[in-house]
Protein chains: 2
Amino acid sequence: MITRSNFTLSRCSLNTATIKHANLAQAVDAAAAAGYGAVGLWRDRVQEVGTEEAGRIVREAGLEVSSLCRGGFFTGSDAEHARAAVDDNRRAIDEAAAIGACELILVVGGLPANPKPGMSAALDTGQPERDLRAARDRVGQRLAELVPYARERGVRLVLEPMHPIFCADRGVVSTLGQALDIAAPFSAHEVGVVVDTYHVWWDPRLAESIARAGAEGRLAAYQVGDWVLPLKEDTLNSRGYVGDGYIDFATITSWVRDAGYTGAVETEIFNVDIWARPFGEVAERVAADYATRVLPYLG
Amino acid sequence: MITRSNFTLSRCSLNTATIKHANLAQAVDAAAAAGYGAVGLWRDRVQEVGTEEAGRIVREAGLEVSSLCRGGFFTGSDAEHARAAVDDNRRAIDEAAAIGACELILVVGGLPANPKPGMSAALDTGQPERDLRAARDRVGQRLAELVPYARERGVRLVLEPMHPIFCADRGVVSTLGQALDIAAPFSAHEVGVVVDTYHVWWDPRLAESIARAGAEGRLAAYQVGDWVLPLKEDTLNSRGYVGDGYIDFATITSWVRDAGYTGAVETEIFNVDIWARPFGEVAERVAADYATRVLPYLG
């Protein structure tokens, strides 16, 4: 049995995506009952009740909001998609400010689909756009459009490098070093980066990139989830509990600690089987894994 | 219709894994009939007929051997596995020399499985080893053991960086830059690298790493295959024909050309549906894709 106290779990955060089928009140209840210090929220669960009520639910449970997921998906190449993406991200920034999340995590989007809505048949090649450098350049352009808006509302935009398995369709930012390069034109208070072990564990330059993120003051969030095999056909939802897979949490957590990170550790697991379990059971398991496999290395 | 000549396809090579169910004679027949200049061979198809006969089959068809796949899988952490892996790689080097392949491609292996054969129950944690840096360090150690043997037989060892989706179980070398770092202690004639578009297309540093490989004289092979979605549950065998997916072959091929590469371009596609098609049909399709999507950018 693991002995826990609020102190033990004070930095432990339950990302609500880990118990995807819980509404906000259920998720907050599960986290509070298991002794967590914080929750990481997804916009859909916040929107269901509205930002004011969402903020109240979290505060009254004595929890912090460690982050809001997610903005982004703004790599579209045409003006119509770009405009819609910027508008949606402004709404996400508003929501983050309203619930007291000082950080909005951005999954930037993949290569734009083609054909696009409204595209003429003459222009429709029936194939995806393939100019990866152009899509990556657009990430910086969209950030430049969003940063002033976010700054005024006290929200930091946080780039999430994603595992290269998602480069084509979800996130063209593939390494932490690349995220830091894209963030470089902005101040550390404006654009940060998140380390999610699932996405970056394989990176040969991970140690130096985490140290760089710390030195630049951009290490905004630390998320944990494990790489388990075999991958399921639905690869997006094929992550495992911390400790069930191949990731060396002791080492990566030590690097995060040595980079000066003192914030919450969010467990974010996309897994259909875990989603099917009772919320409280999942919250207990996640807390136990955190206490044994992450906390000892967090300093 | 694409007009072809032997000149057009002189650098075009059919990796036999693309028509996995063909034996060596069938694969060579299909490649020769479609006008290819070379074939990339897998050891199993060579071993079935023996190296002497394999060499004769390829030569009499007027083809070159662009490479032999594959050695490697030498990241095991215990002495028994290390010894067995070195022995097997020496046999692969012998086979490469015997069939006139001057290059042996190495898929280095993933994190070692645990439990290991013969491990006592007391030591068996039932979990994989997770020390990724140690596994990566062992790649360099095994190379140091194998390079003298390969050099004496005129065979260059070629490191294959693999997509991070395979880091846990097949290849801990995840980027071209990392492969070049591991190759650095050896001469360019001893250890080279292969660029396989499927594995490296997402890498934000790909342009500079290809240029570096060229400048160092280590760019030993260029393999093409496309990233298609959705991934199949059997992710290893979920690759697509060149042009069917997200990869920008014009750009990557231009980088390979500008790096001074003048060798064969092997199409290597692992895909169960393609394996089920007639060999000649696949060979024709691959040649057509090469002629339209790769050759124009090859210089």
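Some details on the nonpolar core
- In this structure, Leu159 and Trp201 of chain A together with Leu159 and Trp201 of chain B are the most contacted members of the largest nonpolar core, which totals 186 residues.
- Apart from the residues lying within four places of it in its own chain, the contact partners of Leu159 of chain B are Leu106, Val108, Val139, Leu143, Ala179, Ile182, Ala183, Val191, Gly192, Val193 and Val194 of chain B.

Section: the sheet that holds strand E10 (residues 265–267) of chain A
Residues and elements named next belong to chain A.
- The sheet built from eight strands closes into a barrel, its strands ordered E1-E2-E3-E4-E5-E6-E7-E10 with parallel pairing. Averaged over neighbouring strand pairs, the angle between their axes works out to 30° when direction is ignored.
- Sheet analysis places strand E1 (residues 12–15) next to E10, joined by three bridges and oriented parallel. Note that in E10 the partner of Leu14 across the bridge is Thr267.

Regarding the relation of the copies chain A and chain B
- Placing chain A over chain B gives an RMSD of 0.0 Å and needs a rotation angle of 180°, together with 0.0 Å of translation along the axis. Such a combination of turn and shift is consistent with a two-fold rotation axis. Among all residues of chain A, the minimum C-alpha distance to the rotation axis is found for Glu233 of chain A, at 1.9 Å.
- The share of interface residues of chain A whose copies in chain B are also at the interface is 97%, consistent with both copies meeting through the same surface.

Re the pattern of salt bridges
Residues and elements named next belong to chain A.
- For the coordinates displayed, the defined rule picks out 42 salt bridges over all chains.
- Across the salt bridge formed by Arg142 and Glu145, the nearest N and O atoms sit 3.7 Å from each other. Of the two residues, Arg142 and Glu145 are both situated in helix H5 (residues 132–152); the distance of three residues between them amounts to about one turn of the helix.
- Judged by relative accessible area, Arg142 falls into the buried class, the value being 6%.

Brief notes about the packing of aromatic side chains
Residues and elements named next belong to chain A.
- The full count for this structure, using the stated rule, is eleven aromatic pairs over all chains.
- Their ring planes at 75° and their centres at 5.8 Å tell us that Trp42 and Phe270 sit as a pair that is edge-to-face. Separated by 228 residues along the polypeptide, Trp42 in strand E2 (residues 38–42) and Phe270 in the loop between E10 and helix H10 (272–275) bring together distant segments of the chain.
- Residue Trp42 is classed as buried on the basis of its relative accessible area, which comes to 16%.
- Among the aromatic side chains, those forming a connected cluster through ring pairs are Trp42, Phe270 and Trp275.
- Note that Arg239 overlies the ring of Tyr198, its terminal NZ or CZ placed 4.5 Å from the centroid.

Some points on helix H3 (residues 51–60) of chain A
Residue and element names in this part refer to chain A.
- For H3, the set of buried residues is Ala54, Gly55, Ile57 and Val58. Around the axis of H3, the buried residues are gathered within 160° of arc, so they sit on the same side. Exposed positions of H3 whose direction lies more than 90 degrees from the buried face are Glu52, Arg59 and Glu60.
- If you follow the buried residues of H3, they end up packed against helix H1 (24–33), E2, helix H2 (43–49), strand E3 (64–72) and helix H4 (79–99).

Thoughts on the packing of helix H1 (residues 24–33) of chain B against helix H3 (residues 51–60) of chain B
Residue and element names in this part refer to chain B.
- The geometry of H1 relative to H3 is characterised by a closest axis approach of 10 Å and an angle of 15° between their N-to-C directions. The orientation of H1 with respect to H3, classified from their angle, is roughly parallel. In this structure, H1 crosses over H3, and the sense of that crossing is right-handed. On the side of H1, the interface is formed by Leu24, Ala25 and Val28, while H3 contributes Ala54, Ile57 and Val58.
- For the contact of H1 with H3, the per-class residue count stands at six nonpolar, no polar and no charged.

Considering the side chain of Asn15 of chain A
Residues and elements named next belong to chain A.
- Its location among the elements puts Asn15 in strand E1.
- Overall, the relative accessible area of 0% leaves Asn15 in the buried class.
- Side chain to side chain, Asn15 and Trp42 meet in a polar contact 2.9 Å long.
- Not counting chain neighbours up to four residues away, the residues in contact with Asn15 comprise Gly40, Trp42, Cys69, Gln223, Glu266, Thr267 and Glu268.

Some details on the pairing of strand E7 (residues 219–224) of chain B
Residue and element names in this part refer to chain B.
- Across the six residues of E7, six count as buried, placing the element largely inside the fold.
- Of the pairings in the sheet, the one linking strand E6 (residues 191–196) to E7 comprises four bridges and is parallel in character. Counted as the bridge partner of Val195 is Tyr222 from E7.
- Where E7 and strand E10 (residues 265–267) come together, three bridges link them in parallel fashion. Within E10, the residue paired with Tyr222 across the bridge is Val265.

Cut-offs used in this document
Residues numbered from 1 in each chain as written. Chains lettered and ligands numbered in written order. Predicted model: local features only at pLDDT ≥ 70, side-chain atom pairs only at ≥ 80, totals over all residues. Heavy atoms only, no water. Core = buried A, V, L, I, M, F, W, Y, C linked by side-chain atoms within 4.5 Å. Buried < 20%, exposed > 50% of the residue type's maximum accessible area, 1.4 Å probe, protein only. Contact = heavy atoms within 4.5 Å. Pairing = 2+ DSSP bridges. Helix = DSSP H or I, 4+ residues; strand = E, 2+ residues; numbered from the N terminus. Axes fitted to C-alpha atoms, helices over the stretch in contact; angles between N-to-C directions. Least-squares fit on C-alpha atoms with pLDDT ≥ 70 in both. Salt bridge = Lys/Arg side-chain N within 4 Å of Asp/Glu carboxyl O. Phe/Tyr/Trp six-rings, centres within 6.5 Å; stacked < 30°, edge-to-face > 60°. Lys NZ or Arg CZ within 6 Å of the ring centre and 35° of its normal. Arc of directions from axis to C-beta. Parallel < 35°, antiparallel > 145°, perpendicular 65-115°, else oblique. Left-handed = near helix turned anticlockwise from the far one by under 90°. Nonpolar A, V, L, I, M, F, W, Y, C, P; charged D, E, K, R; others polar. Polar contact = N/O pair within 3.5 Å; in protein donor to acceptor, adjacent residues only side chain to side chain.

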